[in-house]
Amino acid sequence: MAEDAPDILLTKERIAQRVAELAAQISAEHRGGELLVVGVLNGAFVFMADLIRALTVPCSVDFVRLASYSGCESCGQVRITKDLETPVAGRDLLVVEDIVDTGLTLSWLVEALRVRQPASLKVCAFLDKKERRKVPFEADYVGFAIPDRFIVGYGLDYNERYRYLPDVCVLRDTAS
Ligand code: 5GP
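Residues numbered from 1 in each chain as written. Predicted model: local features only at pLDDT ≥ 70, side-chain atom pairs only at ≥ 80, totals over all residues. Heavy atoms only, no water.

### Focus: the pattern of salt bridges
- Counted by the stated rule, this structure contains 13 salt bridges.
- We note a salt bridge from Glu-21 to Arg-18, for which the minimum N-O separation is 2.8 Å. You can see Glu-21 and its partner Arg-18 sitting in helix H1 (residues 12-29), 3 residues apart, about one turn around the helix.
- Residue class for Glu-21 comes out partly exposed when judged on its relative accessible area of 36%.
- The network of salt bridges with shared partners includes Asp-128, Lys-130, Arg-133 and Glu-138. (Salt bridge = Lys/Arg side-chain N within 4 Å of Asp/Glu carboxyl O. Helix = DSSP H or I, 4+ residues; strand = E, 2+ residues; numbered from the N terminus. Buried < 20%, exposed > 50% of the residue type's maximum accessible area, 1.4 Å probe, protein only.)

### Considering the nonpolar core
- Core analysis: the biggest nonpolar cluster contains 28 residues, and Phe-47, Leu-51, Leu-94 and Leu-127 have the highest contact counts within it.
- Residue assignment for this core shows that the elements contributing at least two residues are H1, strand S2 (35-41), helix H2 (45-54), strand S5 (92-100), strand S6 (120-128), strand S7 (141-145) and strand S9 (168-170).
- Examining the composition of this core, we find that 5 residues originate from one element, H1, more than from any other.
- The contact partners of Phe-47, leaving out residues within four places of it in the chain, are Val-19, Leu-22, Val-96, Glu-97, Cys-124, Ala-125, Phe-126 and Tyr-154.
- The next biggest cluster of nonpolar side chains, apart from the first, holds 21 residues, and it includes Val-40, Val-95, Leu-109 and Val-110. (Core = buried A, V, L, I, M, F, W, Y, C linked by side-chain atoms within 4.5 Å. Contact = heavy atoms within 4.5 Å.)

### Some details on the sheet that holds strand S1 (residues 7-10)
- The strand order S1-S9-S8 describes an open sheet built from 3 strands, whose pairing is antiparallel. Two strands in the sheet have a free side with no partner beyond their single neighbour: S1 and strand S8 (151-152).
- One ladder, built from 3 bridges, connects S1 with S9; its direction is antiparallel. Looking at S9, one finds that Ile-8 is bridged to Cys-169. (Pairing = 2+ DSSP bridges.)

### Section: the sheet that holds S5
- In spatial order, the strands read S4-S3-S2-S5-S6-S7; together these 6 strands make up an open sheet with mixed pairing. The open sheet has two edge strands with one neighbour each: strand S4 (78-82) and S7. Taking each pair of neighbouring strands and ignoring which way they run, the sheet shows an average axis angle of 30°.
- Strand direction decides the pairing type here: S2 and strand S3 (residues 59-68), joined by 7 bridges, are parallel. (Axes fitted to C-alpha atoms, helices over the stretch in contact; angles between N-to-C directions.)

### A word on the packing of H1 against H2
- Running from amino to carboxyl end, H1 crosses H2 at an angle of 55°, the nearest separation of the two axes being 8 Å. On the basis of the axis angle, H1 is oblique to H2. Where H1 crosses over H2, the two elements pack in a sense that is right-handed. On H2, the residues touching Val-19, Leu-22, Ala-23 and Ile-26 of H1 are Phe-47, Asp-50, Leu-51 and Ala-54.
- Residue composition of the contact of H1 with H2, grouped by class: 7 nonpolar, no polar and 1 charged. (Parallel < 35°, antiparallel > 145°, perpendicular 65-115°, else oblique. Left-handed = near helix turned anticlockwise from the far one by under 90°. Nonpolar A, V, L, I, M, F, W, Y, C, P; charged D, E, K, R; others polar.)

### Regarding the side chain of Arg-163
- The residue Arg-163 is located in the loop between S8 and S9 in this model.
- The class of Arg-163 is buried, set by a relative accessible area of 14%.
- Among the polar contacts listed, one links the side chain of Arg-163 to the backbone oxygen of Gly-155, at a separation of 2.9 Å.
- Not counting residues up to four positions away in its chain, the partners in contact with Arg-163 are Asn-42, Gly-43, Phe-45, Val-46, Gly-153, Tyr-154, Gly-155, Leu-156 and Asp-157. (Polar contact = N/O pair within 3.5 Å; in protein donor to acceptor, adjacent residues only side chain to side chain.)

Keep in mind these numbers describe shape, not what the thing actually does.
Now the structure itself:
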C-alpha cells in the first residue's frame, strides 16, 4: 500500500455535526441514567473524546485493548490485551469503536462483556463498512456507513501513522 497523502472522505465539520447528532440520540435514549462508556483502544480514542463531551447524561469511562491471535486475524479469535478496570455488572454500557469491518471483533467483545452481566449494552461505531461483514453484526448507533476503502485519521491509523488527522481520509487507490 502506498503512503501517499490521504484524500479527505469526511471533513471535520461533517464529523462534528454527526457526533452531535449521535450524542443527542444516545442522551435522549439514556435520560435519567448513567453510562459506563467503554472505548476500544487505540482507534476509538478521538471519537470517544468528542462523543462523551457532547453527551448530556453523566458517564464514566474505561478502555479495553484487543488483539487477534497472530496468524488468525480473519477467524475471529480475539483476546483482551488490556482489560477494563471497572466492574460492569449492573451498569449501562456503551461500547465505542472506531469502525466495524468484518464484525468479528465487536461480536466477540459484546459476548465477552455480556457474560459480565451489565444492565444494558449498546454499541456505538463511528464508521461501518457494511459490505465487508463475515459475521452478522449491527451497531446500535453508527456515525457513517462508508465504502470499502482503507480509512485513516480521526484516531484511525496505518502502521500507527495518521491518527492525528482531524478529517477521515482514505489512502489513495486502496481497498481494505
Ligand atoms: P473487524 O473485526 O470488524 O474486522 O475489525 C475492526 C477493526 O479493524 C477496527 O477496530 C480497526 O482497528 C480495523 N480496521 C478495519 N477497517 C479499517 C480501516 O479502514 N482503517 C483502519 N485504520 N483500521 C481498520
